[in-house]
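Structural overview for review
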Amino acid sequence: MIKNPASFFVVVWLVVLWLYSQHYVLVLERLSSTTTIFILLSLLCFSLPFFLLFRVKNNPNHSACLSEKVDKRLKGLFKFWACFSVLEILIFRSLPFFSFLGFGGHYTEWGIPSLHGLLNAMIITISNICFYKYLLSKKKKYLYLFLLCLCWPILLLTRQVIMSMIIQAILIYIYINKIKISKILAYFSVFFIVVFLFGLLGDMRSGAGAIAALAGVADNYPSFLPSGFLWVYVYVTSPLNNLNHNIYLYPDFAFSPLTAFANLFPSFVRSKVVPSSDIETSLVNDNLNVVTMHPQYLSAFGFCGALLFYFLYGLFVLYVFVQFKTKINAKWLFMTVVLTHNLLLSVFVDFNFSLVFLFQLFLHYWLGTTFLIKRT
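Residue positions are given per chain, counting from 1 as you read along its sequence in written order. Only residues with pLDDT of at least 70 are given local features in this predicted model, and only at 80 or more are side-chain atom pairs given and counted; all residues enter the totals for whole chains, interfaces and linings. Where side-chain values are given, they derive from all heavy atoms of the structure, hydrogens and water being excluded.

1. Things to note about the overall build of the chain
Helical segments are the DSSP runs of H or I of at least four residues, strand segments are the runs of E of at least two, and each set is numbered from the N terminus. Looking only at helices and strands, one finds 14 helices and zero strands in the chain. The N-to-C order of helical and strand elements in the chain reads α-α-α-α-α-α-α-α-α-α-α-α-α-α. Counting every position in the chain, which comprises 376 residues, the buried fraction comes to 48%. Whether two residues are in contact is decided by their heavy atoms: any pair within 4.5 Å suffices. Considering only contacts within the chain whose residues lie at least 6 apart along the sequence, 80% involve residues at least 24 apart. Areas reported here follow the Shrake-Rupley algorithm with a probe of radius 1.4 Å; residue values treat only the protein chains shown as occluding. Surface summary for the chain: the accessible area is close to 18,400 Å², and the carbon and sulfur share equals 68%. Burial classification: accessible surface area is computed with a 1.4 Å probe over protein chains only, and a residue below 20% of its type maximum counts as buried, one above 50% as exposed, and the rest as partly exposed.

2. Some words on helix α1 (residues 5-22)
Between its first and last C-alpha, α1 extends 26 Å over 18 residues, near the 26 Å set by a 1.5 Å rise per residue. Buried residues of α1: P5, A6, F8, F9, V12, W13, V16, L17, L19 and Y20, and no others. Angular distribution of buried residues about the axis of α1 spans 165 degrees; they occupy a single face of the element. Of the residues in α1, the exposed ones pointing more than 90 degrees away from the buried face are V11 and W18. The definition of a polar contact used here is a pair of N or O atoms within 3.5 Å, where within protein one atom must be able to donate a hydrogen and the other to accept one, and adjacent residues in sequence count solely through side-chain atom pairs. The N-cap of α1, judged by a side-chain oxygen 2.9 Å from the amide nitrogen of A6 a few residues on, is N4. Where α1 terminates, the next one or two residues include H23, which has phi positive at roughly 50 degrees. Helix span, as expected, comes to 1.5 Å for every residue beyond the first. The arc in question is the one spanned by the directions pointing from the helix axis to the C-beta atoms.

3. Quick notes on helix α6 (residues 159-176)
Counted at 1.5 Å a residue, the expected span for α6 with its 18 residues is 26 Å, and the 26 Å between its end C-alpha atoms agrees. Buried residues dominate α6, accounting for 15 of its 18 residues.

4. Considering the packing of helix α4 (residues 115-137) against helix α14 (residues 355-367)
Running from amino to carboxyl end, α4 crosses α14 at an angle of 45 degrees, the nearest separation of the two axes being 8 Å. In terms of their interaxial angle, α4 and α14 are classed as oblique. Considering only the axes of α4 and α14, their crossing is right-handed. Across the interface between the two elements, G117, L118, A121, M122, I124, T125, N128 and I129 from α4 touch L355, V356, F357, F359, Q360, L363, H364 and L367 from α14. The class makeup of the residues in the contact of α4 with α14 is eleven nonpolar, five polar and no charged. All axes here are fitted lines through C-alpha atoms, helices being fitted over the stretch that makes contact, and every angle between N-to-C directions spans 0 to 180 degrees. Here roughly perpendicular refers to angles of 65 to 115 degrees, roughly parallel to angles under 35, roughly antiparallel to angles over 145, and oblique to all remaining angles. Crossings are classed by handedness, with left-handed meaning an anticlockwise turn of the near helix from the far one by less than a right angle and right-handed meaning a clockwise turn. Each residue gets one of three labels, nonpolar for Ala, Val, Leu, Ile, Met, Phe, Trp, Tyr, Cys and Pro, charged for Asp, Glu, Lys and Arg, and polar for the others, Gly among them.

5. Some details on unusual backbone geometry
Positive phi values are uncommon outside glycine, yet H23 reaches one of about 50 degrees. Within the fold, H23 resides in the loop between α1 and α2 (33-47).

6. Describing the side chain of S164
Residue position: S164 is located in helix α6. You can call S164 buried: its relative accessible area is 0%. Not counting the four nearest positions on each side in its chain, S164 is found in contact with I124, H341, L345 and F357.

7. Focus: the nonpolar core
Residues grouped as a nonpolar core are buried Ala, Val, Leu, Ile, Met, Phe, Trp, Tyr and Cys residues, joined through side-chain atoms within 4.5 Å. Within the largest apolar cluster, 105 residues are counted, with the highest numbers of intra-cluster contacts made by F46, L240, Y297 and Y310. Counting residues per element, this core draws most heavily on helix α12 (residues 294-326), at 16 residues.

8. Concerning the packing of aromatic side chains
Any two of the Phe, Tyr and Trp rings considered here, Trp counted by its six-membered ring, make a pair once their centres fall within 6.5 Å; the pair's planes then place it as stacked at under 30 degrees, edge-to-face at over 60, or tilted in between. What the rule picks out here adds up to 33 aromatic pairs. Judged by centre distance (5.7 Å) and plane angle (35 degrees), the ring pair of F78 and W81 falls under tilted. Linking F78 with W81, this pair stays in helix α3 (residues 68-92), spanning three residues, or about one helical turn. Cation over ring: K138 sits above Y134, and NZ or CZ is 5.8 Å from the ring centre. A cation over a ring is seen here: K331 above Y365, with NZ or CZ 3.7 Å from the ring centre. Should the NZ of a Lys or the CZ of an Arg lie within 6 Å of a ring centre and within 35 degrees of the ring normal, that charge is described as sitting over the ring.

9. What to know about the state of the cysteines
By convention in this document, the label disulfide applies to cysteine sulfur atom pairs within 2.5 Å. If you walk through the whole model with that rule in mind, you get zero disulfides. C45 carries a free sulfur, and the closest cysteine sulfur to it, the one in C304, is 9.5 Å from it. Cysteine C149 remains unbridged, with the sulfur of C130 as its closest cysteine sulfur at 4.9 Å. Judged by relative accessible area, C149 falls into the buried class, the value being 7%.

10. What to know about a nonpolar patch on the surface
Nonpolar side chains collect at one region of the surface, where I37, L41, L44, L48 and F51 lie side by side and expose about 440 Å² of accessible area between them. By the element assignment, L48 lies in the loop between α2 and α3. Judged by relative accessible area, which is 36%, L48 ranks as partly exposed. Patch membership requires over 30% relative accessible area and the absence of a salt bridge. Like charges are linked within 9 Å, and nonpolar side chains (Val, Leu, Ile, Met, Phe, Trp, Tyr) within 5 Å. Whenever a carboxyl oxygen of Asp or Glu lies within 4 Å of a side-chain nitrogen of Lys or Arg, that contact is scored as a salt bridge.

11. Structural notes on a positive patch on the surface
Positive residues here are Lys and Arg, negative ones are Asp and Glu, while His and the chain termini are left out of the count. Charged groups are reduced to one reference atom each: NZ for lysine, CZ for arginine, CG for aspartic acid, CD for glutamic acid. A cluster of like positive charges, contributed by K75, K79, K139 and K141, occupies part of the molecular surface. If you trace the backbone, K79 turns up in helix α3.

12. A few points about the confidence of the model for the chain
Known as pLDDT, the predictor's confidence for each residue is given on a scale from 0 to 100. Taken over all residues, the pLDDT of the chain has a mean of 84, while the share at 70 or more is 82%. The spread of mean pLDDT over the elements of the chain runs between helix α7 (residues 184-206), the lowest at 66, and α2, the highest at 97.

13. What about the environment of L243?
Take L243: it is sitting in helix α9 (residues 227-246). By relative accessible area, which is 2% here, L243 ends up buried. Measuring from C-alpha to C-alpha, the distance between L243 and V284 comes to 9.5 Å, with 41 residues separating the pair along the chain. Look past the residues within four positions of L243 in its chain and what remains in contact with it is T35, I39, V291, T292, H294, P295 and L298.

Okay, structure coming up:
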């Protein structure tokens, strides 16, 4: 079975390893054998539970109907999001999109801490359901609503949110449709549009040429590619670069679970609850401070303990995926999409225990009490 979270997880990490091996930017260090072995073992441990999938009887019918109560709850969710988003605009007197024109503060200083993350979870959830309803009904109003949702992170200059919306929408489409070779060109078109938008927002936030000056472009870099590709390349490979730079610091075994689950605590209490790590890591470049999902679990459980954790987490993700494949409630589809999204983005950040995406899982579960897929 190709379309499952483990397959996406394995493919994205293998692609990153290949991209890293090209060394298109000078900031990348030589990849150590220890790093490579750990990455490959982590993929294997997470994927082991999915070998049981051959025993799961898949119901291939994805025709669906939606309860009217979903629209009622969705409207209530949108009103809540809109009220507090307007409150943020009033407090900060502008939107980050206008900061480069001299209006309002910098995008990194915009938003009420913790609350802003929950609002992001709401708008991503709303975008998911709008896109899903468009796929089911083919009514353009739902497509327009989805596109309006995409406009919000553009106004906030938040690439992470717009990427999450687009990735989750693509996953919804993939999970409920058969993949045809004739549509591969369309998928690549969407990919290049996303890369272009990623580069455009990066240039708007940091200035054209900023990423090239920061990372250093190697002689073998294909210069004909748009700036968005360089942004994506640096953002995807630099976290692995930082992991590789510090891999020798982590012990074989450790037990500090609060470190692994640090993101479960709101930012304003995290430093008081989570103990500081004894492992003093460093960055290859201070401006490239993303470190993949792995350091959090390596610090908490050690090299071997992290591998055991990935196996157990794989069991949980498998459970949700099997519910999606065998049950009639669409909440399992959306929860599978969120978990797969987190795994895809694990190449540069740990979203598995992010409050934003845990809250999104809760919202989809809550909406799912009246959101049913009708099997025929």
